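Tertiary structure, described
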Amino acid sequence: MKTLIVIDMQNDFIYGALGNDETRAIVDKVAAKIKEYQDNGDEIIYTRDTHTEDYLNTSEGKKLPVIHCVKNTHGWEIVDGLYVEDCEIIDKPTFGWMGWQDRNFTDIELIGVCTDICVVSNALILKAVMPNADIKVDASCCAGVTPKSHLASLETMKMCQIDIINE
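The rules behind the values
- Residues numbered from 1 in each chain as written.
- Predicted model: local features only at pLDDT ≥ 70, side-chain atom pairs only at ≥ 80, totals over all residues.
- Heavy atoms only, no water.
- Pairing = 2+ DSSP bridges.
- Helix = DSSP H or I, 4+ residues; strand = E, 2+ residues; numbered from the N terminus.
- Axes fitted to C-alpha atoms, helices over the stretch in contact; angles between N-to-C directions.
- Contact = heavy atoms within 4.5 Å.
- Salt bridge = Lys/Arg side-chain N within 4 Å of Asp/Glu carboxyl O.
- Buried < 20%, exposed > 50% of the residue type's maximum accessible area, 1.4 Å probe, protein only.
- Polar contact = N/O pair within 3.5 Å; in protein donor to acceptor, adjacent residues only side chain to side chain.

1. Here we look at the sheet that holds strand β1 (residues 2-7)
Spatial ordering of the open sheet is given by β3-β2-β1-β4-β5-β6, a layout of six strands whose pairing is parallel. At either margin of the open sheet sits one strand with a lone partner, and together these are β3 (88-92) and β6 (163-165). Going from strand to strand, the sheet's axes swing by 25 degrees on average, the running direction of each strand aside. Against the sheet, helix α5 (residues 115-129) makes contact with β1, β3, β4 (107-113) and β5 (134-143), and its axis sits at roughly 165 degrees relative to β4, the strand it touches most.

2. A closer look at the pattern of salt bridges
Pairs can form between side chains of opposite charge once their charged atoms are near each other. For the coordinates displayed, the defined rule picks out 11 salt bridges. Of the charged contacts, one joins Lys136 and Asp107 as a salt bridge, the two residues approaching to 2.8 Å between their closest N and O atoms. Taken together, the residues Lys136 in strand β5 and Asp107 in strand β4 connect sequence positions 29 residues apart. For the pair shown, Lys136 and Asp107 are each scored as buried.

3. Quick look at the environment of Trp100
Relative to the assigned elements, Trp100 resides in the loop between β3 and β4. Not counting the four nearest positions on each side in its chain, Trp100 is found in contact with Ile5, Ile45, Thr47, Ile90, Phe105, Asn122, Ile125, Leu126, Val129 and Met130. Separated by 3.4 Å, the side chain of Trp100 and the backbone oxygen of Trp97 make a polar contact.

4. Here's the deal with the side chain of Asn20
Counting through the fold element by element, Asn20 comes out in the loop between α1 (11-14) and α2 (21-25). At a separation of 3.3 Å, a polar atom in the side chain of Asn20 contacts the main-chain carbonyl oxygen of Gly144. Within the structure, the side chain of Asn20 is placed 3.4 Å from the backbone oxygen of Val145, a separation counted as a polar contact. Beyond its immediate sequence surroundings of up to four residues, Asn20 is in contact with Phe13, Ile14, Gly144 and Val145.

Laid out in structure tokens, this is it:
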């Protein structure tokens, strides 16, 4: 079975505190990719960047002092129209989720935001814990903080033997 991991397609990263033109531009492509996996009966997993009210006091908050994705706020929710009912949602308190080590995927595709922070972090963790899995990232369904950092992250993942498609 194929697994699609939709990274942090949340309101704050698309339309809110950390949104930008690039993140907004991928929403329709992400929706189409999700529908493709849903129509094929494949597994879809969502991650949500999840912070608390004291975010600014955390290590991340001190380096990125923009309050975002606070649990149970509108900004924390997955963008309307992207969530497929009965799919797993992982609330992760940091860039990459270490719980991937407890899974057994063989064919994984990652999409979402931000390419240069959470997508690359999760892709590298998955590659480290599942070195024989087929891991790919659809560049057309990802966006970074900047176009330059998006491209640099794609190159980093390529160097780590993660397949980049639809560049």
